[in-house]
Amino acid sequence: MLSKTLFITGATSGFGAATARRFARDGWSLIITGRREERLFALANELGALVPVHPLKLDVQDATAVADAIACLPPEFRQVHTLVNNAGLALAPAAMQNVALADLHTMINTNITGVVNVTHALLPRLIETGAGANIINIGSTAGEWPYPGSHVYGASKAFIKQFSYNLRSDLMGTGVRVTDLAPGIAETEFSVVRNSGDQAAADAVYKGTVPLSAVDVAEQIAHIANLPDHININRIEMVPVRQAWGPYAIFRE
Ligand code: NDP
Ligand code: 8X3
């Protein structure tokens, strides 16, 4: 039997790298993407010992580069079974009135436009695959629950939820499934990026608690991708036991 092919964005770190490793263990062929070439090729070398791997250095913000790369996939990688739209980032963890507009644009261009770019380019392939194909979009609890400093990041993940639902409606009858997988706090390089490389600030995010790990999220992705063809998970919100909601904020004089 031919192996299935996974296309995952943001495979150079965190959830993406853990997911690539998880699917390699199951014998899937991999198309792994990211901007950091050195990491991408290191992962391709590591996993290439197990399964066929096609590394694509790609900035998801660049619609033309995304479309060209997907149009030029080698024949043995063209039949994509599962797309995981994972590349994304948060920046500027401060009140919206105090952050740079450029950071807000970067989040929109990556977390929204990037997901649209990759999905649009791969849809014909996924529809061709038909029954059992998956689009798994990585949303976030931040797309559902507001908190200070989440501004555009949380809103971009709310987009992921509605985009996933709307895409399902368009794909009715094709057999292609769509899921919004929305994790809560998880320890990856996410917080280093969000805090502009400040490792101490990033460490403080996870101090004294037990966050999710990248492997926890990869396991959920593998679970969703391997469900029987007739099941669609619309949305999963997964959080560590130690994460729940806070009370309403009341401003008082
Ligand atoms: P990491 O920072 O560890 O990984 C992010 C990945 O996205 C990297 O591989 C990075 O690769 C890639 N990426 C970022 N920008 C671009 C771009 N413009 N083009 C291509 N790739 C890009 O974070 P996580 O693994 O934690 O995050 C993965 C996803 O999960 C994100 O969408 C994030 O919003 C979401 N998420 C994270 C949570 C958490 O607490 N960690 C919780 C809920 C959701 P490179 O820099 O090489 O391009
Ligand atoms: C990332 C999770 O809690 O930092 O999407 O918003 S959180």
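Residues numbered from 1 in each chain as written. Chains lettered and ligands numbered in written order. Predicted model: local features only at pLDDT ≥ 70, side-chain atom pairs only at ≥ 80, totals over all residues. Heavy atoms only, no water.

## Some words on the overall build of the protein chain
How we decide: Only runs of H or I of at least four residues qualify as helices and only runs of E of at least two qualify as strands under DSSP, and these elements are numbered from the N terminus. Only C-alpha atoms enter the radius of gyration; for comparison, a globular chain is expected to reach 2.2 Å times N to the power 0.38, where N is the number of residues. Working definition: with a 1.4 Å probe on protein chains only, accessible area under 20% of the residue-type maximum means buried, over 50% means exposed, and in between means partly exposed. In this description, accessible areas are obtained by the Shrake-Rupley approach with a 1.4 Å probe, and a residue is regarded as covered only by the protein chains that are shown. When charges are counted, Lys and Arg are positive and Asp and Glu negative, with His and the chain ends excluded. Where a charge lies is defined by one atom per residue type, namely NZ (Lys), CZ (Arg), CG (Asp) and CD (Glu).
A count of helical and extended segments in the protein chain gives eight helices and nine strands. Since a compact globule built from 253 residues should have a radius of gyration of about 18 Å, the 18 Å found for the protein chain is in line with a globular shape. Overall, the protein chain is about 65 × 40 × 35 Å in size when its C-alpha atoms are taken along their principal axes. Looking at the protein chain as a whole, 49% of its 253 residues are labelled buried. Surface exposure of the protein chain reaches about 12,500 Å², of which carbon and sulfur atoms provide 56%. The average position of the 19 basic charges and that of the 22 acidic charges among the side chains of the protein chain differ by 4 Å.

## Re the environment of alanine 121
As a reminder of what qualifies: The contact criterion used throughout is that any non-hydrogen atoms of two residues lie within 4.5 Å.
Tracing the backbone through its elements, the reader meets alanine 121 in helix α4 (residues 101-129). For the pair alanine 121 and asparagine 98, spaced 23 residues apart in the sequence, the C-alpha separation amounts to 36 Å. Excluding its chain neighbours within four sequence positions, the residues that come into contact with alanine 121 are Val66, Ala67 and Ile70.

## Remarks on the site of ligand 2
So the rule is basically this: Summary of the distance rule: residues count as near a molecule or strand when at least one heavy atom falls within 4 Å of that molecule or strand. Think of a polar contact as two N or O atoms within 3.5 Å of one another; within protein, one of them needs to be a possible hydrogen donor and the other a possible acceptor, and neighboring residues in sequence only count if both atoms come from side chains. All residues other than Ala, Val, Leu, Ile, Met, Phe, Trp, Tyr, Cys, Pro, Asp, Glu, Lys and Arg, Gly among them, are scored as polar; the first ten of these are nonpolar and the last four charged.
Neighbouring ligand 2 are Ser140, Ala142, Tyr147, Tyr153, Phe190 and Arg194. Contact distances for ligand 2 include 3.1 Å between an oxygen atom and a side-chain N or O atom of arginine 194. The residue inventory of the shell around ligand 2, partitioned by class, reads four nonpolar, one polar and one charged.

## Overview of the site of ligand 1
With respect to spatial proximity, 29 residues lie near ligand 1, and among them Thr12, Ser13, Arg35, Tyr153 and Thr188 are the closest. Between ligand 1 and arginine 36 there is a distance of 2.9 Å, counted from an oxygen atom to a side-chain nitrogen or oxygen. In this structure, an oxygen atom belonging to ligand 1 sits 3.4 Å away from a main-chain N or O atom of glutamate 189. Those elements that place two or more of their residues in the shell around ligand 1 are α1 (14-25) and α5 (151-171). Grouping the constituent residues of the shell around ligand 1 by class yields eleven nonpolar, 13 polar and five charged.

## Some points on α1
Each α-helix winds once per 3.6 residues, and so residues spaced three or four apart point in a common direction. As a reminder of what qualifies: One less than the number of residues in a helix, times 1.5 Å, gives the span that helix is expected to have.
Along its twelve residues, α1 runs 17 Å from first to last C-alpha, staying within 8% of the 16 Å computed at 1.5 Å per residue. Counting buried positions over the twelve residues of α1 gives nine, a clear majority of the element. Among all positions in α1, only Phe15, Gly16, Ala17, Ala18, Thr19, Ala20, Arg22, Phe23 and Ala24 are buried. At the exit of α1 stands glycine 27, carrying a positive phi of roughly 90°.

## Section: the pairing of strand β5 (residues 134-138)
Within a regular beta strand, the side chains point alternately toward one face of the sheet and then the other, so they alternate between its two faces. Threshold: Only when DSSP finds a minimum of two bridges between them are two strands counted as paired. If you view a crossover with the strands going away from you and the path from the first strand over the helix to the second runs clockwise, you call it right-handed.
Most of β5 sits inside the fold, with five of its five residues counted as buried. Taking every second residue as pointing to the same face, both faces of β5 are buried, with Asn134, Ile136 and Ile138 on one and Ile135 and Asn137 on the other. The pairing of strand β4 (residues 80-85) with β5 spans four bridges and is parallel. Bridged to valine 84 within β5 is isoleucine 136. Taken together, β4, α4 and β5 form a β-α-β motif whose crossover is right-handed. Where β5 meets strand β6 (residues 177-183), five bridges bridge the pair, whose relative direction is parallel. Bridge pairing links asparagine 137 to aspartate 180 in β6. Following the chain from β5 across α5 to the adjacent parallel β6, one finds a crossover that is right-handed.

## Quick look at the packing of aromatic side chains
This is how it is decided: Classification of ring pairs rests on two measures: the distance between centres of Phe, Tyr or Trp rings, Trp counted by its six-membered ring, which must be within 6.5 Å, and the angle between planes, read as stacked under 30 degrees, edge-to-face over 60 and tilted in between.
Summed over the entire model, instances satisfying the criterion amount to four aromatic pairs. Their ring planes at 55° and their centres at 5.5 Å tell us that tyrosine 153 and phenylalanine 190 sit as a pair that is tilted. You can see tyrosine 153 sitting in helix α5 and its partner phenylalanine 190 sitting in helix α6 (residues 190-194), a full 37 residues away along the chain. With relative accessibility at 25%, the residue phenylalanine 190 sits in the partly exposed group.

## Some thoughts on the confidence of the model for the protein chain
Short version of the rule: Per-residue confidence from the predictor is given as pLDDT, running between 0 and 100.
Chain-level statistics for the protein chain give a pLDDT mean of 98 and a share of 99% at 70 or above. In the predicted assembly, ipTM is 0.99 and pTM is 0.98.

## What about the pairing of strand β9 (residues 235-238)?
Only one face of β9 is buried: it carries Ile236 and Met238, and the other face, with Arg235 and Glu237, is open. Across four bridges, the pairing between β6 and β9 is parallel. Of the residues in β9, the one forming a bridge with alanine 182 is glutamate 237.

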